[in-house]
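# Chain and residue survey
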Amino acid sequence: MNDAITRLASIIDPKRISTDSDRLDERSWDALSVGRIHPRRQPEMAVPVCIATPVSTEEVRRIVLFANSERIPLVPFGGGSGLMGGALSIQPGIVLDLRNMNQMLEVDTEARSARVQAGVVLEALDQKLNEQGFVLGHDPWTVPVATVGGAISTNSIGYRGGVYGSMGEQVLGLEAVLPNGETVRTRAVQKSSAGINLNCLLIGGEGCFGIITEATIRIFPKPEQQLLDALLFPSFERGYRAVQQLFLRRVTPALVDLGDDHRKFPECAVLYLGFEGSREIVLAEEKVARAICLECGAERLPEEEAQRFWRDRHIIAKRFMAERRQRRDRGKDGIYHDWVHAALPASKVLSFRAAAIAIARRRGVRVQESGLWVQPELFSMRLGVEDRVAREGRLVLQETVDELLQLVQELGGSMEYAHGVGVKLASLMAAEHGYGFEVMRQIKRTLDPHNIMNPGKMGF
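I will try to describe carefully the structure that is included in this document. Throughout this document, residue positions are counted from 1 along each chain, in the order its sequence is written. Thresholds applied to this predicted model are a pLDDT of at least 70 for local features of residues and 80 or more for the giving and counting of side-chain atom pairs; totals over whole chains, interfaces and linings are not thresholded and use all residues. Excluded from the side-chain calculation are hydrogens and water; included are all heavy atoms of the structure.

## Overview of the overall build of the protein
Within the protein one finds 16 helices and 18 strands. Put simply, the radius of gyration uses C-alpha atoms, and a globule should come to 2.2 Å times the residue count raised to 0.38. Taken against the 2.2 N^0.38 rule, which gives 23 Å for 460 residues, the C-alpha radius of gyration of the protein at 22 Å falls within 12% of a compact globule. Its C-alpha atoms put the protein at 70 × 60 × 40 Å along the principal axes. Sorting the 460 residues of the protein into buried and exposed places 55% on the buried side. A run of DSSP states H or I qualifies as a helix once it reaches four residues; a run of E qualifies as a strand once it reaches two. Both are numbered from the N-terminal end. Remark: exposure states derive from per-residue accessible area (1.4 Å probe, protein chains only) relative to the maximum for the residue type, with buried under 20%, exposed over 50%, and partly exposed in between.

## A short note on the sheet that holds strand β10 (residues 211–218)
Sheet architecture is open: five strands sit in the order β5-β6-β10-β8-β9, paired in antiparallel fashion. Each end of this open sheet is capped by a strand with a single partner; those strands are β5 (104–108) and β9 (183–185). For this sheet the average axis-to-axis angle between neighbouring strands, irrespective of direction, equals 10 degrees. In this scheme, strands are said to pair when DSSP sees at least two bridges between them. Looking at chain direction, strand β8 (residues 171–177) and β10 are connected through six bridges and run antiparallel. Within β10, the residue paired with V177 across the bridge is I211. Its contacts with the sheet put helix α4 (residues 122–130) on β5, β6 (113–117) and β10, and the angle it makes with β5 is roughly 40 degrees. Only the stretch in contact is used when a helix axis is fitted, and all axes are lines through C-alpha atoms; the angle between N-to-C directions ranges over 0 to 180 degrees. Working rule for contacts: check all heavy atoms of both residues, and any pair within 4.5 Å makes them a contact.

## Some words on the nonpolar core
Judged by nonpolar contacts, the single largest core of 54 residues is most densely connected at L273 and F352. The biggest single contributor to this core is helix α14 (residues 393–410), with six residues. Apart from the residues lying within four places of it in its own chain, the contact partners of L273 are L227, L228, D229, L231, L246, P253, L255, V256, A289 and C293. Here the nonpolar core consists of buried residues drawn from Ala, Val, Leu, Ile, Met, Phe, Trp, Tyr and Cys, with membership extended through side-chain atoms lying within 4.5 Å.

## Section: the pairing of β8
Burial analysis of β8 places seven of its seven residues in the buried class, the great majority of the element. Where β8 and β9 come together, three bridges link them in antiparallel fashion. Its bridge partner being in β9, A176 is matched across the sheet by V184. Hairpin remark: β8 followed by β9, antiparallel, with five residues in the connecting loop; positive phi at G181, about 90 degrees.

## Points about a nonpolar patch on the surface
Only residues whose relative accessible area exceeds 30% and that form no salt bridge enter a patch; like-charged residues are grouped when within 9 Å of one another, and nonpolar side chains (Val, Leu, Ile, Met, Phe, Trp, Tyr) when within 5 Å. Method for areas: the Shrake-Rupley scheme with a 1.4 Å probe, in which residue coverage is limited to the protein chains shown. Every case where a carboxyl oxygen of Asp or Glu lies within 4 Å of a side-chain nitrogen of Lys or Arg is listed as a salt bridge. There is a patch of nonpolar side chains on the surface, built from Y435, V439 and I443 and spanning about 290 Å² of accessible area. Structurally, V439 can be placed in helix α16 (residues 435–447). For V439, a relative accessible area of 38% puts it in the partly exposed group.

## Thoughts on the pattern of salt bridges
Scanning all chains against the criterion turns up 30 salt bridges. Between R7 and E70 there is a salt bridge; the shortest N-O distance is 3.0 Å. Of this pair, R7 sits in helix α1 (residues 2–8) while E70 is found in helix α3 (residues 57–70), placing the two residues 63 residues apart along the sequence. By relative accessible area, which is 32% here, E70 ends up partly exposed. Taken together, the salt bridges that share partners define one network made up of R23, E26, R27, D97 and R99.

## Structural notes on the pairing of strand β17 (residues 366–373)
Note: strand β13 (residues 255–259) against β17, three bridges, orientation antiparallel. Across the sheet, L258 pairs through a bridge with L372, a residue of β17. Two elements, β17 and strand β18 (residues 375–386), share seven bridges in a ladder whose sense is antiparallel. Directly across from R366, in β18, lies its bridge partner G384. Counted between consecutive antiparallel strands, the loop separating β17 from β18 contains one residue, among which V374 sits at a positive phi close to 75 degrees.

## A look at the side chain of S380
Looking at the secondary structure, you find S380 in strand β18. Look at S380 and you get buried, because its relative accessible area is 14%. A polar side-chain atom of S380 sits 2.9 Å from a polar atom in the side chain of H341. Other than its neighbours up to four places away in sequence, S380 contacts V340, H341, E369, S370, G371 and Y417. Identification of polar contacts relies on pairs of N or O atoms within 3.5 Å, with a donor-acceptor requirement for protein atoms, meaning one able to donate a hydrogen and the other able to accept it, and with residues adjacent in sequence counted only if both atoms are side-chain atoms.

## Side note on the packing of helix α13 (residues 349–363) against α14
α14 packs onto α13 with a crossing angle of 155 degrees between their chain directions and a minimal axis gap of 10 Å. The angle between the axes of α13 and α14 places the two elements in the roughly antiparallel class. The chirality of how α13 crosses α14 is right-handed. Residue-level inspection shows F352, A355, A356, I359, A360, R362 and R363 of α13 in contact with α14, the latter providing V396, E399, T400, E403, L404, L407 and V408. Each residue is assigned to one class: nonpolar for Ala, Val, Leu, Ile, Met, Phe, Trp, Tyr, Cys and Pro, charged for Asp, Glu, Lys and Arg, and polar for all the others, Gly among them. In terms of residue class, the contact of α13 with α14 is made up of nine nonpolar, one polar and four charged. The scheme is simple: roughly parallel for angles under 35 degrees, roughly antiparallel for over 145, roughly perpendicular for 65 to 115, oblique for anything else. By the definition used in this description, the sense in which the near helix is turned from the far one sets the handedness, with an anticlockwise turn below a right angle giving left-handed and a clockwise turn giving right-handed.

## With respect to the packing of aromatic side chains
Only the six-membered ring of Trp is used, alongside the rings of Phe and Tyr, when aromatic pairs are assigned; centres must lie within 6.5 Å, and planes under 30 degrees apart are stacked while those over 60 apart are edge-to-face, with the rest tilted. Evaluation of the coordinates by the stated rule reveals nine aromatic pairs. Between F236 and F379, the aromatic rings sit 6.2 Å apart at their centres with planes inclined by 80 degrees, giving edge-to-face as the arrangement. On the criterion of sequence distance, the pair formed by F236 in helix α8 (residues 236–248) and F379 in strand β18 is long-range, its members being 143 residues apart. By relative accessible area, which is 3% here, F236 ends up buried. Relative to F309, the ring of Y272 lies with its centre 4.1 Å away and its plane at 10 degrees, an arrangement referred to as stacked. Taken together, the positions of Y272 in strand β14 (residues 269–277) and F309 in helix α10 (residues 303–311) put the pair 37 residues apart, joining distant regions of the chain. An aromatic cluster of three or more residues is present, and its members are Y159, Y272, F309 and W373.

Written as structure tokens, this is what we have:
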């Protein structure tokens with residue numbers, strides 16, 4: 001491996017190759033904590049051989065060619081905020097730290113697009129766009145940490161996804177280096193019928209099929225008006241029916257966040273709604289939405305509650321930045337937490353929720369919160385177990401999560417809508433896709449016969 005590092009130093013500046021033990025440790029993990037991994041499926045971890053920090057697509061291409069010839073695994077690393085272990089080092093290899101590829105190459109306000117390198121942090125891009133009267137449509141909790149390439153690789157979705165869609169839906173064109181060192185560039189247009197859309201090979205691909213180096217994404221004019229509401233419903237079911245009515249009436253909130261966090265509002269559910277865009281449309285939609293909610297039994301909470309929610313929505317990311325190493329070890333104290341983020345047919349959400357509560361109760365797992373995000377079909381649950389003595393709570397919790405996700409699949413849903421698969425959900429990919437997973441594996445084998453691109457992720 002020392003010889004390999006020496007040869008790598010002839011490809012890129014040796015100053016951008018690191019073997020520092022602390023840096024290797026930090027870049028070997030993302031935001032997946034040990035307590036959220038099924039104890040019977042926990043992968044063996046490996047110390048990376050080194051960290052390479054390229055600054056251009058050409059340097060990425062050279063590193064990929066080198067890794068392919070030497071059969072050395074490559075793990076792309078952006079902000080390291082992924083929750084599923086998509087950036088874990090489970091084989092000795094090269095961590096490709098893309099954060100120095102952070103150039104904003106072109107902002108075309110007339111075309112409503114921006115071309116940027118993959119390592120650009122979402123918050124920095126949004127701030128740059130604000131200076132020119134535009135906003136970034138992608139607004140997840142990880143905005144201060146996550147990079148453009150990472151968000152595309154998991155096809156994540158943000159707080160304002162109701163208007164702007166997921167990160168993948170905002171992609172116009174991509175540049176990526178494939179495992180054989182070839183560079184693919186797709187045309188940055190909204191619509192094409194000239195063959196299959198190769199962007200889809202990389203959106204949600206978690207770096208298994210190629211390494212995204214540049215992206216051209218849709219940008220949006222700053223909204224003329226923004227309105228926020230917080231509404232309290234007597235039950236989750238009443239809140240869900242209100243959200244359903246909003247969408248049946250074709251009202252389009254930028255923000256939909258319905259939750260039944262009993263620590264704050266016992267036996268009730270709170271719906272946060274946000275509207276933004278042209279003043280006349282925002283005022284009209286907010287008026288219709290409020291009337292629908294009141295008809296379904298809601299009462300308006302003080303405006304400060306809605307403002308607090310919006311103001312604090314990124315706090316968790318800032319905590320993550322300050323406590324990155326501690327987050328890895330969560331669960332070692334016998335207190336375990338996990339989340340289910342499932343996409344379901346809207347007609348199945350309430351029945352799934354009732355069944356999930358019963359399953360959790362039978363297994364001795366607490367349902368700490370359930371809710372919707374962005375639209376009626378995107379359902380989430382927060383689960384918890386405390387077991388400071390026998391320390392079997394982790395297994396109990398993960399077996400419960402597996403049972404819930406299998407039920408999601410039986411109901412025609414998808415086991416994850418925002419965070420990708422990584423190592424955490426890899427074992428469920430075959431059940432999720434059927435023969436479609438074999439199609440993905442054949443594509444992977446064709447493009448990456450030596451399996452150097454982020455091996456072990458997504459079941460590959």
